[in-house]
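One-letter residues, chain by chain:
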Amino acid sequence: MTDLPPLTRYAALAASARAQVRPHRIAQPPVQAAELAHRLLHAPVDERRKELEELDDRALLDVLVVMELYTGSAYGLWRDTPSGFAEDVLGMTLTEEQRAVVDAVAGVDVRQVAARVPHPDNHVLAAVLVVWTALVPSPRPYGDCPRFAALFAPYRQAAESVWRHVARFVDNALLPGRLNTARHAWYVDGIEGPQRILAFAVWNTQPHAMGGLYQFVAVVADADRIADPDMRATMNFLVNSVSAGSRFVALGSDDDEPEEWFAAFETRDDVTRPVTSASHERT
């Protein structure tokens, strides 16, 4: 396993597609590319990924330009497959169990997901979900409006660990926006308005501080170690607040004696199998 995953073909071409759709440029992709992008967007995941792999760079770039131009995200083709995004764009290698965990979050009818993921994979998969959430539109039938990711952790050290993985993905895959590691915020500058938050990280926060969230995915790292009463109340508040395209994802470790809060939430799992540790990046 290498410390830094390679720049993938998809990540490089997505960065080029974003550059072609900047406000001061006029992108005019071929009609055939628009038709292909529409068909791929509605194709089954396996079929779509296979066809994307077979496209040459020019055709793939045109498709990604169409996605950026008309959906606001060059990564929209991975809107229903976080594992495909991790492998194709971020250059990771996932096990079947890890794919099951991250892909559960993309289910149209899924609102709450809990899974046991041993360290250090717990933090890595949390970072994957943060990045995927920040860069893909909300799933249908909730429209193409952007979502943002909120990372929660019981301790500052845990939040910073996940944020380091996010920073590595942003740098290595040429992802958009700016990552402020001091403020634990990832944002893009507005064209004519204020900055838009892509993701942020907090710890030991209170419920009232999270009021008004809309179209979000809340990812909780080390969810089985939450002991602070305020933090537990915040998690319960978020669990009861998810609606529309929002999701709540609790990732606990494989400890034998989990905290009561995670054990109670785990009874409503969408994913219940523990995930085995494995190599993440392609070598």
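Quick notes on the rules
- Residues numbered from 1 in each chain as written.
- Predicted model: local features only at pLDDT ≥ 70, side-chain atom pairs only at ≥ 80, totals over all residues.
- Heavy atoms only, no water.
- Helix = DSSP H or I, 4+ residues; strand = E, 2+ residues; numbered from the N terminus.
- Buried < 20%, exposed > 50% of the residue type's maximum accessible area, 1.4 Å probe, protein only.
- Contact = heavy atoms within 4.5 Å.
- Areas by Shrake-Rupley, 256 points an atom, 1.4 Å probe, with all protein chains shown as cover.
- Salt bridge = Lys/Arg side-chain N within 4 Å of Asp/Glu carboxyl O.
- Expected span 1.5 Å × (residues − 1).
- Arc of directions from axis to C-beta.
- Polar contact = N/O pair within 3.5 Å; in protein donor to acceptor, adjacent residues only side chain to side chain.
- Pairing = 2+ DSSP bridges.
- pLDDT = per-residue confidence, 0-100.
- Axes fitted to C-alpha atoms, helices over the stretch in contact; angles between N-to-C directions.

Student: Describe the overall build of the protein, with residues and values.
Tutor: Assigned secondary structure in the protein consists of 10 helices and seven strands. Taking all 283 residues of the protein together, the buried fraction comes to 55%. For the protein, the proportion of contacts with a sequence separation of at least 24, taken over those separated by at least 6, is 77%. About 12500 Å² of surface is accessible on the protein, with carbon and sulfur atoms providing 51% of the total.

Student: Please set out the side chain of Glu68 residue by residue, giving values where relevant.
Tutor: Topologically, Glu68 is positioned in helix H4 (residues 57-71). Not counting chain neighbours up to four residues away, the residues in contact with Glu68 comprise Ala17, Arg18, Val21, Ser73 and Ala74.

Student: How would you explain the pattern of salt bridges if you had to name every residue and give the values?
Tutor: Counted under the stated rule, the structure contains 10 salt bridges. The salt bridge involving Asp80 is made with Arg48; its shortest N-O contact spans 2.8 Å. With Asp80 in the loop between H4 and helix H5 (82-88) and Arg48 in helix H3 (residues 45-54), the pair connects residues that are 32 residues apart, well separated along the chain. Salt bridges sharing common partners tie together Arg49, Glu87, Asp88, Glu96 and Arg99.

Student: Please give an account of helix H1 (residues 9-20) that cites residues and values.
Tutor: If you check H1, its first and last C-alpha atoms are 17 Å apart, about what 12 residues at 1.5 Å a residue would give, namely 16 Å. Considering only its buried residues, H1 is in contact with H3, H4 and H5.

Student: So what about helix H9 (residues 229-239)? Which residues, and what values?
Tutor: Within the sequence span of H9, burial applies to Met231, Arg232, Thr234, Met235, Leu238 and Val239. Buried residues along H9 cover an arc of 160° about the axis, so they all sit on one side. In this structure Asp228 caps H9, since a side-chain oxygen of it lies 3.1 Å from the backbone nitrogen of Asp230.

Student: So what about the pairing of strand E4 (residues 185-188)? Which residues, and what values?
Tutor: Residues in a regular strand point their side chains to alternate faces of the sheet. In this structure, strand E3 (residues 178-180) lies alongside E4, joined through three bridges in antiparallel fashion. Within E4, the residue paired with Leu179 across the bridge is Trp186. Between E3 and the antiparallel strand that follows it, E4, lie four residues; His184 among them carries a positive phi value of about 55°.

Student: Tell me about the confidence of the model for the protein, residues and numbers included.
Tutor: In this model, the protein carries a mean pLDDT of 82, and residues with pLDDT of at least 70 account for 81%. The low-confidence segment residues 272-283 (pLDDT under 50) makes 49 contacts with residues lying over four places distant or belonging to another chain.

Student: Give me the lowdown on the environment of Glu54, citing residues and values where you can.
Tutor: With respect to the helices and strands, the residue Glu54 is situated in helix H3. Residue Glu54 is classed as exposed on the basis of its relative accessible area, which comes to 57%. A polar contact of 2.7 Å, which involves the side chain of Glu54, links it to the side chain of Lys50.

Student: Lay out the sheet that holds strand E1 (residues 112-116) in plain terms, naming residues and giving numbers.
Tutor: On the basis of which strands lie adjacent, the open sheet formed by seven strands has the order E1-E7-E6-E2-E5-E4-E3 and mixed pairing. Single-partner strands in this sheet number two, and they are E1 and E3. Within this sheet the neighbouring strands show an average axis-to-axis angle of 15°, counted without direction. For strand E2 (residues 148-153) and strand E6 (residues 216-221), the ladder comprises five bridges, and the chain directions are parallel. Across the sheet, residue Leu151 finds its bridge partner in E6, namely Val219. Together, E2, E4, strand E5 (196-203), E6 and strand E7 (247-252) form the strand contacts of helix H7 (residues 121-135), whose direction differs from that of E6 by roughly 170°.

Student: Just give me the short version of the pairing of E2, but keep the residues and values in it.
Tutor: Burial analysis of E2 places six of its six residues in the buried class, which makes it a mostly covered element. Burial of E2 is two-sided: the residues Phe148, Ala150 and Phe152 facing one way and the residues Ala149, Leu151 and Ala153 facing the other way are all buried.

Student: Mind laying out unusual backbone geometry, listing which residues take part and the relevant values?
Tutor: Looking along the chain, the bond that leaves His119 and enters Pro120 is cis, with omega of 0°. By secondary structure assignment, the location of Pro120 is in the loop between E1 and H7. At His184, a residue that is not glycine, the phi angle is positive and equals roughly 55°. Here His184 shows up in the loop between E3 and E4. Of note, Asp222 is a non-glycine position whose phi angle comes to about 55°, a positive value. Mapping Asp222 onto the fold places it in the loop between E6 and H9.

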